[in-house]
Amino acid sequence: MAKLTEERWRRLTRVPLIVASVVFIVVYSWQVIADFQGTAFMTARIIMGFTWVIFAVDYVVRLGLAADKRHWFVRHLFDFTVVILPALRPLRLLKALTLVGGVEHTQGTAIRSRLAVYGAGAVVILIWIGSLSVLDAERNAPGANIVNFGDSIWWAAVTMSTVGYGDYYPVTLMGRLVAVLLMGAAVALVGVVTATLASWVIEFASRGHDDDEASTRGQVRELARQINGIAARLGEMPEPGTKLASEPEVPPRPPLPPNAAST
């Protein structure tokens, strides 16, 4: 039996986690939009609680399999946040979206494609989850003006775009927290889109001008590796100053006459 490693665990749990994310977003959407009460509300909460258990177990197992747990925790803060904030679980779907794509020709193209998928998917998911969260928090609050799903999704889209018309606004602490998270995510996504666009423009402008580009350290290391490989196949390289067989014989220069130094 193969030893259980973090990478093997991730491969085994990739599909279950995606399914749990889909189940959570469907049940949560149904509960908020339909405004469940009584037994239906409790059933929805139990199902969402079960998805939380799945994510919590996945996080604990991966942390236990990590060799350096402190370093792993720092590198996987998003996974920890997903366990703490259930509304972020649908963002797990972004990893599934990046698996569906065309063949990438360069590393830069692959990174930009992945960022584009993450950016577009994050906008849609955050607007949807933000609208559900703010409606869930505001619907029954005194003085609330976001009381139906149409108003909440309009508010989430306006907030995500950082336009802020002010026609709808949250009055509860939880609603305002959702607004802060949406605005922060919007600023981060604008930075990602700007950097991706700039990278694409630079690559497009440099096409056909490869000779003008400065060599990177990686290119120099690769060239040195290839030279070392060729030298190893041809045999040991000669010592510096050793005359090669193909070098022409150069006769020694005759000494100057004695009176040449005085003139």
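Computed from a predicted model, the values in this text were never measured in an experiment.

Caption draft 1: A look at helix 7 (residues 149-160). The end-to-end C-alpha distance of helix 7, which contains twelve residues, comes to 16 Å, matching closely the 16 Å that a straight helix rising 1.5 Å per residue would cover. Looking at helix 7, one finds that the buried residues are Phe149, Asp151, Ser152, Trp155, Ala156, Val158, Thr159 and Met160. The opening residue of helix 7 is Asn148, an N-cap whose side-chain oxygen sits 3.2 Å from the backbone nitrogen of Gly150. The first or second residue beyond helix 7 is Thr162, which carries a positive phi of 60 degrees.

Caption draft 2: Spatial organisation of the nonpolar core. Judged by nonpolar contacts, the single largest core of 28 residues is most densely connected at Tyr28, Leu126, Leu132, Trp155, Met160 and Leu182. Of all the secondary-structure elements, those providing two or more residues to this core are helix 1 (6-34), helix 2 (38-65), helix 6 (107-138), helix 7 and helix 8 (173-206). Examining the composition of this core, we find that eight residues originate from one element, helix 6, more than from any other. In contact with Trp155, not counting residues within four places along its chain, are Gly130, Val134, Ile146, Tyr168, Tyr169, Pro170, Gly175, Val178, Ala179 and Leu182. The next biggest cluster of nonpolar side chains, apart from the first, holds five residues, and it includes Tyr59, Ala66, Trp72 and Val83.

Calculation rules
- Residues numbered from 1 in each chain as written.
- Predicted model: local features only at pLDDT ≥ 70, side-chain atom pairs only at ≥ 80, totals over all residues.
- Heavy atoms only, no water.
- Helix = DSSP H or I, 4+ residues; strand = E, 2+ residues; numbered from the N terminus.
- Expected span 1.5 Å × (residues − 1).
- Buried < 20%, exposed > 50% of the residue type's maximum accessible area, 1.4 Å probe, protein only.
- Polar contact = N/O pair within 3.5 Å; in protein donor to acceptor, adjacent residues only side chain to side chain.
- Core = buried A, V, L, I, M, F, W, Y, C linked by side-chain atoms within 4.5 Å.
- Contact = heavy atoms within 4.5 Å.

By themselves, these figures tell us nothing about what the structure is for.
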